[in-house]
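Survey of secondary and tertiary structure
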Amino acid sequence: MNVLLKYPVTFIILSQYLPLVVVPALRYGTDESGFMLRTLGFGLLVAIVIETILFPLGATGGKARRIHPASAVVVTLVGGLATVGATLLGARTYGLQLGAIEVSRAAS
């Protein structure tokens, strides 16, 4: 749980980009799989470096509010599930961009 609190942006990038972009790209043999993996790696590297540098500084500017860690996890999970649900319904999301799915009438 401490890792989630120290690297929340890294977790969000990894939890959404990996299953919704990289896995379908590798599964369906998209030509740009290497580019997608490099993009994910670079994004994770930048997020980890920035969060490692900024974590000791704590909240910056404004009024810091205490948020229970469980609340942050729930918000992240709901966002992830909403994105996965939209993809499964065929909304204009990552799956469509990769050519892995077609637009569904239910999502339009």
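Look up: the structure comes first, before these words.
Not measured: the values here are computed from a predicted model.

Conventions we followed
Residues numbered from 1 in each chain as written. Predicted model: local features only at pLDDT ≥ 70, side-chain atom pairs only at ≥ 80, totals over all residues. Heavy atoms only, no water. Helix = DSSP H or I, 4+ residues; strand = E, 2+ residues; numbered from the N terminus. Buried < 20%, exposed > 50% of the residue type's maximum accessible area, 1.4 Å probe, protein only. Contact = heavy atoms within 4.5 Å. Areas by Shrake-Rupley, 256 points an atom, 1.4 Å probe, with all protein chains shown as cover. Expected span 1.5 Å × (residues − 1). Arc of directions from axis to C-beta.

1. Here we look at the overall build of the protein
Helix and strand counts for the protein stand at five helices and zero strands. Mapped from its N terminus to its C terminus, the protein presents α and β elements in the order α-α-α-α-α. Counting all 108 residues of the protein, 19% fall into the buried class. Nonlocal contacts in the protein, meaning residues at least 24 apart in sequence, comprise 55% of its contacts between residues at least 6 apart. Approximately 7,900 Å² of the protein is accessible, and the part contributed by carbon and sulfur atoms is 67%.

2. Examining the environment of phenylalanine 55
Looking at the element boundaries, phenylalanine 55 is found in the loop between helix 3 (33-54) and helix 4 (69-88). Distance from phenylalanine 55 to leucine 5, taken between C-alpha atoms, is 9.4 Å for residues 50 residues apart in sequence.

3. Some details on helix 3
Over its 22 residues, helix 3 extends 31 Å from the first C-alpha to the last, a length consistent with the 32 Å expected when each residue adds 1.5 Å. Residues of helix 3 that are buried: Ser33, Met36, Leu40, Leu44, Ala47 and Glu51. In an axial view of helix 3, the angular spread of the buried residues amounts to 70°, which keeps them on one side of the axis. The outward face of helix 3, more than 90 degrees from its buried face, is lined by the exposed residues Arg38, Phe42, Leu45 and Ile53.

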